[in-house]
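Overview (structure and organization)
So the chains spell out like this:
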Amino acid sequence: MTDGTGAETPFIELDGVRKVFQVRRKAGRLRRTKHEVRAVDGISFTVGRGEMVGYIGPNGAGKSTTVKMLTGILVPSAGRIRVAGIDPSRERTGLARRMGVVFGQRTTLWWDLPLRDSYELVRRMYRVPYDTYRKNLDRCVELLDLGPLLAAPVRQLSLGQRMRGDIAAALLHDPEVLYLDEPTIGLDVISKARVRDFLREVNASLDTTVLLTTHDLTDIEQLCRRVMVIDHGRLVYDGGLAGLHEVGESERTLVVDLAREMAPIEGVPGARTVKVEGPRQWLAFPASQSAAPVVAAVAERWPLVDLSVREPDIEDVIARMYTGRAE
């Protein structure tokens, strides 16, 4: 889709968007005072068709509020929103047929029905042609390993199983855009990997536009070339993940378990020991740097029993963006 001049029209477009809530707070025994809370404060960005973009920030930053305005659940207090050329708040029903939404802590499935019956209800709600429904359901069942779960009531599913079920439900009607709010929250390693592989496949094969909010930087690293950071309702970064790490001077941590208690590890290029507890040591190194050389250097010179790599917290990355220095 072009804008008439040959330039590609953004699929998602926000221009100076604000969302203000009026909150009453206790100011004495009988008094309440009204306060203004700016959940989103003048955000502008565009997302092209087929992009998969990470939208991250600390709790309360405004991520979920943005998603709710993009879906038409909330009406912006100011500014302009367009999704596929449509104002979500004015044409919410029409836009619903073109989007899928997954909120990690809420399910769109029917609690007491088998998963298969929930999908059939979704098909009827969206009036999905049966052939399209079967094709999409078969793809989801295969890629998300849902076959053994179709006859189980939703209330009997684990969190990871339910999340996979919710993602499948959001894609049965061939949406052009998919909003994912913490889709891997609480999932085990295997379930996270399966969900990431599935989303990568959907984005590549169907050209589905994806906006992903998450606290897990590994989700962003494996799925998104572009990341936007929101904090206190404002967009503070828009670019590649490597650039975010450079701006925030963020660090990964290599947690090393040695065969015995030893002096702090020294002389590993690009890394420094920040903590020692008995045979366990913590080494920090730049998040933009591969962990492989650090791991290799430690394994070559010290009696290694076990190790793990911890990603930086989103909150730490943003804090470093403001301080401009490592903690």
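The sections below set out a description of the structure shown in this document. Bear in mind that the values here come from a model prediction, so they are computed numbers and not experimental data.

A word on the sheet that holds strand β13 (residues 304-310)
- With antiparallel pairing, the four strands of this open sheet are ordered in space as β11-β12-β10-β13. With one partner strand each, in any of the chains shown, β11 (272-277) and β13 form the two edges of the open sheet. Each strand of the sheet is rotated relative to its neighbour by a mean of 20°, with strand direction disregarded.
- Note: strand β10 (residues 251-258) against strand β12 (residues 280-286), seven bridges, orientation antiparallel.

Examining the packing of helix α4 (residues 130-144) against helix α6 (residues 189-206)
- Contact geometry for α4 and α6: axes closest at 9 Å, N-to-C directions at 145°. Between α4 and α6 lies a crossing of right-handed hand. The segment α4 lies against α6, with Arg139, Cys140, Leu143 and Leu144 engaging Arg194, Val195, Phe198, Glu201 and Leu206.
- Classifying every residue of the contact of α4 with α6 by side-chain character gives six nonpolar, no polar and three charged.

What to know about unusual backbone geometry
- In this structure, glutamate 182 is a non-glycine residue whose phi angle is positive, near 55°.
- Its location among the elements puts glutamate 182 in the loop between β6 (177-181) and α6.
- Overall, the relative accessible area of 11% leaves glutamate 182 in the buried class.
- In this model, histidine 232 sits at a positive phi of 50°, which is unusual for a non-glycine residue.
- Relative to the assigned elements, histidine 232 resides in the loop between β8 (226-231) and β9 (234-239).

Here is what the cut-offs are and how they apply
Residues numbered from 1 in each chain as written. Predicted model: local features only at pLDDT ≥ 70, side-chain atom pairs only at ≥ 80, totals over all residues. Heavy atoms only, no water. Pairing = 2+ DSSP bridges. Helix = DSSP H or I, 4+ residues; strand = E, 2+ residues; numbered from the N terminus. Axes fitted to C-alpha atoms, helices over the stretch in contact; angles between N-to-C directions. Left-handed = near helix turned anticlockwise from the far one by under 90°. Contact = heavy atoms within 4.5 Å. Nonpolar A, V, L, I, M, F, W, Y, C, P; charged D, E, K, R; others polar. Buried < 20%, exposed > 50% of the residue type's maximum accessible area, 1.4 Å probe, protein only.

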